[in-house]
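# Tertiary structure, described
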Amino acid sequence: MNIHTFKNEKELNEAGAGIITGLVQMQPSAVLGLATGGTPVGIYEELVKAHKKGHVSFKKVTTFNLDEYVGVPENHPESYHTYMKQHLFDHIDLPADHANIPDGNAASLEEECLRYNRELEKAKQIDLQLLGIGHNGHIGFNEPDHSLVSGTHVVKLKPETRSANARYFASIDEVPTHALTMGVGTILKAKSILLVVRGADKADIIHRALTGPIQTELPATLLQTHPNLVVLLDADAGRLFV
Ligand code: PGA
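### Here we look at the overall build of the protein
For the protein, the helix and strand inventory stands at seven helices and ten strands. For the protein, the C-alpha radius of gyration of 17 Å lies close to 18 Å, the compact-globule estimate for 242 residues. Summarising its shape, the C-alpha atoms of the protein cover approximately 45 × 40 × 35 Å along the three principal directions. Within the protein, residue pairs in contact and separated by at least 24 positions form 78% of the contacts whose partners lie at least 6 positions apart. Only carbon and sulfur atoms are counted for the fraction: they give 53% of the accessible area of the protein, which is about 10900 Å². In the protein, the 22 positive side-chain charges and the 29 negative ones have mean positions that sit 6 Å from each other.

This is the structure we're talking about:
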């Protein structure tokens, strides 16, 4: 496990984007696993800058997003489809049909999970999975539980996850109750994982995730088993690592 702590957000964002850019330069048809939420925004900004400067092209890249809310229309401002367009896809040259995001409005969610798994299998392996962590230790939307699911599945969001995401909605009642998420098996199958964590409010959970006993009640602890995990922390999130 490689843990890097950065003294400011700019350096962290540049480092994160640099790892992704470097991979795509070396391997133009790389398969990227992408995340949403507050954490990756600055990294996406740097990727867009690198693309606009002509340093990287995503024409041959394929992407798979970790998750999507159930029942939020694709063009809703808070859907992860919209998020990805706003922060990344509208500003780079990734062909639209190379971007995969689970459809949280599919007529059959079970069938949609199977379809997403099939697409992932066709792509064979995610080369780099970008990940954040929830305050309760979730990865993707794999919430703490007595057991975890390997493949893409429907998940009921925990109250703490809904409250954390309420900042994006008019009220907590508008935050979706369910989501589709890649499972932990798929996440762990990625060739490399880039875990990014920011803020003092995540210092304790990231320390427990990377140093505590491996348990499904803290899904991010499973990342300890990954042979190629790179962790980027800002100074606040990294304060318990000395
Ligand atoms: P955040 O979410 O980046 O908005 O903090 C991370 C997560 O829930 O995985």
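### Structural notes on the site of the ligand
The ligand sits among Gly 37, Gly 38, Thr 39, Gly 132, Ile 133, Gly 134, His 138, Arg 167 and Lys 202. His 138 is positioned such that a nitrogen or oxygen atom in its side chain is 2.6 Å from an oxygen atom of the ligand. Between the ligand and Arg 167, the relevant distance is 3.1 Å, taken from an oxygen atom to a side-chain nitrogen or oxygen of the residue. Burial of the ligand by the surrounding chains reaches 83%, relative to a free accessible area of 280 Å². Counted by class, the shell around the ligand contains one nonpolar, six polar and two charged residues.

### Remarks on unusual backbone geometry
Phi at Lys 124 takes a positive value of approximately 75°, unusual for a residue other than glycine. Lys 124 sits in the exposed class, given a relative accessible area of 66%.

### Side note on the packing of helix 1 (residues 9–26) against helix 2 (residues 41–52)
One can describe the packing of helix 1 onto helix 2 by two numbers: an axis separation of 8 Å at closest approach and a directional angle of 55°. When the axes of helix 1 and helix 2 are compared, the pair comes out oblique. Once helix 1 is placed against helix 2, the crossing between them reads as right-handed. Note on element contacts: helix 2 touches helix 1 through Gly 42, Ile 43, Glu 46, Leu 47 and Ala 50, opposite Leu 12, Asn 13, Glu 14, Gly 16, Ala 17, Ile 20 and Thr 21. Among the residues forming the contact of helix 1 with helix 2, the class breakdown is six nonpolar, four polar and two charged.

### Looking at the sheet that holds strand 8 (residues 178–181)
Strand pairing within a sheet occurs via backbone hydrogen bonds; the two strands may be parallel or antiparallel. An order of 4-8-7 is seen for the three strands of this open sheet, with the pairing classed as antiparallel. Bordering the open sheet on either side are strand 4 (67–69) and strand 7 (153–156), each of which pairs with just one other strand. The average undirected angle you get between the axes of adjacent strands in this sheet is 30°. Sheet topology places strand 4 next to strand 8; three bridges connect them, and they run antiparallel. Looking at strand 8, one finds that Glu 68 is bridged to Leu 180. Against the sheet, helix 4 (residues 109–123) contacts strand 7 and strand 8, and its axis sits at roughly 125° relative to strand 7.

### Notes on the nonpolar core
Residues Ile 20, Leu 32, Tyr 44, Phe 58, Met 84, Leu 88 and Leu 194 are the most contacted members of the largest nonpolar core, which totals 41 residues. Of all the elements in the fold, those that place two or more residues in this core are helix 1, strand 2 (31–34), helix 2, helix 3 (80–87), strand 6 (128–131), strand 9 (192–197) and strand 10 (229–234). Residue contributions to this core peak at six residues, all from helix 2. Counting residues in hydrophobic clusters, the runner-up holds 28 residues, among them Leu 66, Met 182, Ile 205 and Ala 220.

### Observations regarding the environment of Pro 77
Structurally, Pro 77 can be placed in the loop between strand 4 and helix 3. In sequence terms Pro 77 and Tyr 168 are 91 residues apart; their C-alpha atoms lie 9.2 Å from each other.

### Some details on the sheet that holds strand 2
Spatially, 1-10-9-6-2-3-5 is the arrangement adopted by the seven strands of the open sheet, whose pairing is parallel. Because the sheet does not close on itself, it has two edges, and the strands there are strand 1 (2–6) and strand 5 (99–100). As paired strands, strand 2 and strand 3 (residues 62–65) are joined by four bridges and run parallel to one another. Paired with Gly 33 across the two strands is Phe 64, which belongs to strand 3.

### Let's talk about the pairing of strand 10
By the criterion of burial, strand 10 is predominantly enclosed, with six of the six residues buried. Alignment of strand 1 against strand 10, held across five bridges, turns out to be parallel. Bridge assignment links Asn 2 to a residue of strand 10, and that residue is Val 230. Bridge count for strand 9 against strand 10 is five bridges, and the pairing is parallel. Residue pairing across strands places Val 197 opposite Leu 233, the latter belonging to strand 10. In this view, the connection linking strand 9 to its parallel neighbour strand 10 by way of helix 7 (residues 203–211) has right-handed handedness.

The rules behind the values
Residues numbered from 1 in each chain as written. Predicted model: local features only at pLDDT ≥ 70, side-chain atom pairs only at ≥ 80, totals over all residues. Heavy atoms only, no water. Helix = DSSP H or I, 4+ residues; strand = E, 2+ residues; numbered from the N terminus. Rg over C-alpha atoms; globule rule 2.2 N^0.38 Å. Contact = heavy atoms within 4.5 Å. Areas by Shrake-Rupley, 256 points an atom, 1.4 Å probe, with all protein chains shown as cover. Lys, Arg positive; Asp, Glu negative; His and termini not counted. Charge placed at Lys NZ, Arg CZ, Asp CG, Glu CD. Near = heavy atom within 4 Å. Polar contact = N/O pair within 3.5 Å; in protein donor to acceptor, adjacent residues only side chain to side chain. Nonpolar A, V, L, I, M, F, W, Y, C, P; charged D, E, K, R; others polar. Buried < 20%, exposed > 50% of the residue type's maximum accessible area, 1.4 Å probe, protein only. Axes fitted to C-alpha atoms, helices over the stretch in contact; angles between N-to-C directions. Parallel < 35°, antiparallel > 145°, perpendicular 65-115°, else oblique. Left-handed = near helix turned anticlockwise from the far one by under 90°. Pairing = 2+ DSSP bridges. Core = buried A, V, L, I, M, F, W, Y, C linked by side-chain atoms within 4.5 Å. Right-handed = clockwise from strand over helix to strand, strands pointing away.

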